[in-house]
Amino acid sequence: MNKKILFFVIIIQLLSCNKQVNNTLDLSKATVLISPAINSNFQKTATTVLTEEIKKRTQLNLTLSDKKLSKTIIALALSTDKNIANLKVPQRDYDNVEFKKEGYRLVYENKVDKNILWIIGADKRAILYGIGKLLRTANMSEGQFSVASTLDISEAPQYELRGHQFGYRNTANSWDSWTIEQFDQHFREQVLFGANSFENIPFQKPNSSVHFKVDPQKMEVELSKICDKYDAEYWVWTPAPKDLTIENAPEEGLKEQEEFYARVPRLDGVFVPGGDPGDNHPSVLMPYLEKLSTLLKKHHPDAGIWVSLQGFEEEKVDYFFNYLNENKPEWLRGLVYGPSSPPIQLERELLSKEYKHRFYPDITHTVRCHYPVDNWDQAFALTLGREPSNPQPKYYAKLFNQDSQYTDGFITYSDGSHDDINKVVWSQLGWNPNVDINNTVLEYCRFYFGNNVAEGATIGVFSLEKNWDGPLIGNGIVKETLSLWQQLETENPQLQDNWRWQQLIMRAYYDAYIQDRLTYEKNLEVEAYKILAHAKNKGIEQTMLEALVHLQKADSLPVAQDLKNKVFEYAEALFKSVGAQTSVPKYNASGFERGAILDLIDYPLNNRWWLEDEFKKIETLKTEEEKLARIKFLRTYDNPSEGSFYDNISSADAKHVTSKTDDAIDFLWEKDGLSRKRLSTQLFQFTPELEYDELDSNSNYIIRVSGYGEALLRANGERLKPTNYEKDFEQFKEFPLSKELIKDGKLKITFDKPDEEHLNWRKQSRVTDVWVLKE
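Per chain, the residues get numbers from 1 upward, laid out in the order the sequence is written. Whole-chain, interface and lining totals are the exception, using all residues; otherwise, since this is a predicted model, local features are given only for residues with pLDDT of at least 70 and side-chain atom pairs are given and counted only at 80 or more. Hydrogens are left out, water is left out, and the side-chain values use all remaining heavy atoms of the structure.

To qualify as a nonpolar core, a set must consist of buried Ala, Val, Leu, Ile, Met, Phe, Trp, Tyr and Cys residues joined through side-chain atoms within 4.5 Å. Residue exposure (1.4 Å probe, protein chains only): buried if accessible area is under 20% of the type maximum, exposed if over 50%, otherwise partly exposed. Counting residues in each nonpolar core, the largest one holds 165 residues, and the members touching the most others are Leu76, Ile131, Phe145, Phe183, Leu289, Phe449 and Trp485. Every helix listed is a DSSP run of H or I at least four residues long, and every strand listed is a run of E at least two residues long, numbered separately from the N terminus. Looking at this core element by element, the count peaks at 12 residues for helix α16 (residues 499–532). When residues no more than four places from it in sequence are discounted, the contact partners of Phe183 are Phe166, Tyr168, Trp175, Trp178, Met219, Leu223 and Ile226. It only takes one pair of heavy atoms within 4.5 Å for two residues to be counted as in contact.

In structure tokens form, the structure reads like this:
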């Protein structure tokens, strides 16, 4: 290289390095200074949080002083402070966000011989939010702690209530095993990401969970103390007695509640669900709540009573709002919107402005829930179930902005540590509904995994969300996601005991294992049907036996056992690190829908269980013709002749279904997840819609429907009369479709809803499969 060019390259590099140094504020030797205007207990909390969390990530021990200050200072101040230790607190004439409730400013200031990083808060809680932003954005590694010298960040939350439910009860899939110290650390971390409230579920029996390390009555009090320590609101979810009309039931409920109120040092909100559980009419519920409010005010004057209308039919809803309008109860703080409540926008419109409207969104479940995973493959629903590790930052950002606009804030429904990222996403959206979700996840990964890992882990989180989008077979993202997490796993052994890290990597292995199994087992089924095609020539019994043996290769010659073994290794690690109960028999999960992802990991992903049962039925048929006809029906079930069409309702790969359910109860759950029904029978909708544009306008068709109960079918708006009408599962209804109705070759199938509101949804009519068969 020419010497002159080399000289200039070196000079440019030196200038670049110098510029980089000048643009960075080294905080590794900083002294921490805190405003004396903050009460002493909270001074200790704030400085402990700051210094402990920095030490965890850097091994640096920052000192606290108001006298002997180093050249670099981290100053914690209230926005009303004029100066601290003769240092003037920065003020500005515009955009004074740090004066708004919970608002803070994080800003660097250079003063002659002092470099000062100011964390300025409107109140003591805001100081913690400023500390949280510093910890989420600073460059930290062993012996290193720095921020950009251009740092100037300020924000205040848009929603006043931002919290999460942490019910210390047996149905939780992890934290019923936690210690007081674990809850303290976890609440601290949630606050550092912007949460300001936590909701417990008291009145648990000491023997109700084998995992309890602390008596529930003691934990109820300790959680209240932790909330007070971090100036977070302490809420409780406490249903009324199931039937308030029973003699002495109200008195017993009130007595139990008051004893609890007297025990806890802090209590801010009492949420009494109107239903789920319970079925009390508001005419008896509201007087009970009024008495409850009197007892609450006696012990916690600033606390409020909240109620939901979950499960209320129209008459109850009308009664409730008429009661509010006529009585205007001052003792009621607000209304909670939760699953099975009236529409959220309608509640807001009917609710008088003097009452608050709290959101109770379910961010913990994937199916049979408030916010089901959109376009989820049945293979995941059958195996991962309701409570797997479920990071869905983009999906929840969309849902937050769809519904939260009608509320004053939220406390989410959660039942485990598996939805940890969703909590952070929801908390940050509570500060700013337009926040960059990519940056939120980046801050999460930086805070919990470190600077060097943050970008790769962020890509990994969003990749896990993509894994769940649409049909699993052929989804190339799944293996790419696994490769990324395997690389991160290999390169970062220091994170092997980090439970957040463990559950993300486990999901990558789990998804890939299910994809390999699904592909393999679906192929086995296709090949089994080819074997059955020779039944007439080879003999019915011999052919069924060969087909069955071939299908059973899924068990006798399983695939991808290395991936499965990794899942089990991480499940064991998660049980040790965070108490995650991923199995009922192995880890004492409270139920198979409660995070027990190991117990259904090998659930058949083809129809071999169903075919085994069908083969036994065929053996009982009297004639060879009947047996051959049934075999043909089985092997062509979802593969009708050319010019005909088949759709499995709610399947991710259904081509003609245009409708979706809003609660994912379209995934059947029975026998603890071990149903032997045909897989297509386990997917359904109550009133599906299907559209076709490729029909032969010169042909008549038969519309065949399978499902349960009624099927009030319309074709292009016209109600059709059935020629066959069987009502049980895997029986059929058939409706002749005249070519006069499809002159343009287009067809829209809809179903009127039967009058079944008196029935539980599990007993209501539904549609599982639809055929349009060319005659």
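The subject of this paragraph is the pattern of salt bridges. Throughout this description, the term salt bridge denotes a Lys or Arg side-chain nitrogen within 4 Å of a carboxyl oxygen of Asp or Glu. Considering all chains together, one arrives at 56 salt bridges under this definition. Between Lys479 and Asp516 there is a salt bridge whose closest N-O contact spans 2.7 Å. With Lys479 in helix α15 (residues 477–491) and Asp516 in helix α16, the pair connects residues that are 37 residues apart, well separated along the chain. With relative accessibility at 23%, the residue Asp516 sits in the partly exposed group. Across the pair Asp638 and Arg678 runs a salt bridge whose closest N-O atoms are separated by 3.5 Å. Of this pair, Asp638 sits in the loop between α23 (624–635) and β20 (645–648) while Arg678 sits in the loop between β20 and β21 (690–692), and the two are 40 residues apart along the sequence. Among the charged side chains, a salt-bridge network with shared partners connects Glu102, Arg125, Arg162, Asp228, Asp231, Arg266 and Asp268.

Another aspect to go through is helix α20 (residues 561–578). What a helix should span is 1.5 Å times the count of its residues minus one. Its 18 residues place the ends of α20 25 Å apart at the C-alpha level, agreeing with the 26 Å of an ideal helix rising 1.5 Å per residue. Looking at α20, one finds that the buried residues are Leu563, Lys564, Val567, Tyr570, Ala571, Leu574 and Val578. Angularly, the buried residues of α20 cover 120° about the axis, an arc narrow enough to put them on a single face. Exposed side of α20, more than 90 degrees from the buried face: Asp562 and Lys576 are the residues found there. Residues of α20 that are buried make contact with α15, α16 and α21 (584–587). Positive backbone phi, at 75°, marks Gly579, one or two positions downstream of α20. By arc we mean the arc of the directions from the helix axis to the C-beta atoms, nothing more.

In this section: helix α22 (residues 608–619). Compared with the 16 Å implied by 1.5 Å per residue over 12 residues, the 17 Å span of α22 between its first and last C-alpha is a close match. Among all positions in α22, only Arg608, Trp610, Leu611, Glu612, Glu614, Phe615 and Ile618 are buried. Check the buried side of α22 and you find it contacts α16, α18 (540–551), α19 (553–556) and α23.

Bringing a negative patch on the surface into the picture now. Each patch is assembled from residues with relative accessible area greater than 30% and no salt bridge, linking like charges that lie within 9 Å and nonpolar side chains (Val, Leu, Ile, Met, Phe, Trp, Tyr) that lie within 5 Å. Areas reported as accessible are Shrake-Rupley estimates using a 1.4 Å probe. Residue values count occlusion only from the protein chains shown. Charge assignment in this entry is limited to Lys and Arg as positive and Asp and Glu as negative, and neither His nor the chain termini are counted. Here the site of a charge means NZ on Lys, CZ on Arg, CG on Asp, or CD on Glu. A cluster of acidic side chains, namely Glu313, Glu314, Glu315 and Asp318, defines a negative patch on the protein surface. Structurally, Asp318 can be placed in helix α8 (residues 314–327). Accessibility expressed as a relative area gives 41% for Asp318, which makes it partly exposed.

Sheet architecture is open: 6 strands sit in the order β3-β2-β4-β8-β7-β11, paired in mixed fashion. Strand pairing shows two members of the sheet lacking a second neighbour, β3 (63–64) and β11 (152–155), which therefore form its edges. Every axis in this analysis is a line fitted to C-alpha atoms, fitted for helices over the stretch in contact. Angles between the N-to-C directions lie between 0 and 180 degrees. Across the sheet, helix α2 (residues 40–58) lies against β2 (31–34), β3 and β4 (72–78), angled at about 155° from β2, the strand it touches most. Each of β4, β7 (104–111), β8 (114–121) and β11 touches helix α3 (residues 124–137); the most contacted strand, β8, lies at about 130° to it. Two strands are counted as paired when DSSP detects at least two bridges linking them.

Take the packing of aromatic side chains next. Working definition: rings of Phe, Tyr and Trp (its six-membered ring) pair if their centres are within 6.5 Å, and the pair is stacked with planes under 30 degrees apart, edge-to-face with planes over 60 apart, and tilted otherwise. This model, assessed by the stated rule, comprises 51 aromatic pairs. Pairwise contacts between aromatic rings join Tyr159, Tyr337, Phe359, Tyr371, Tyr395, Tyr396, Phe400, Phe410 and Trp426 into one cluster. Above the plane of the ring of Phe729 lies Lys677, whose end atom (NZ or CZ) is 4.8 Å from the centre. A cation over a ring is seen here: Lys733 above Tyr725, with NZ or CZ 5.4 Å from the ring centre. By definition, being over a ring means that NZ of Lys or CZ of Arg is both within 6 Å of the ring centre and within 35 degrees of the ring normal.

Two quantities define a packed helix pair, namely the angle between the helix axes and the distance between the axes. For the pair α3 and helix α13 (residues 437–449), interaxial distance at closest approach is 8 Å and the crossing angle is 80°. In terms of orientation, α3 lies roughly perpendicular with respect to α13. Of α13, the residues touching α3 (which contributes Lys133, Leu135, Arg136 and Thr137) are Glu443, Arg446 and Phe447. Roughly parallel refers to an angle under 35 degrees, roughly antiparallel to one over 145, roughly perpendicular to one between 65 and 115, and oblique to any angle outside these ranges.

For the rest of this paragraph, the subject is the pairing of strand β16 (residues 304–308). Most of β16 is tucked away: 5 of the 5 residues are buried. Where burial is concerned, the two faces of β16 agree: the one with Gly304, Trp306 and Ser308 and the one with Ile305 and Val307 are both buried. By the bridge criterion, 4 bridges tie strand β15 (residues 269–272) to β16 in an arrangement that is parallel. The residue of β16 that forms the bridge with Phe271 is Trp306.

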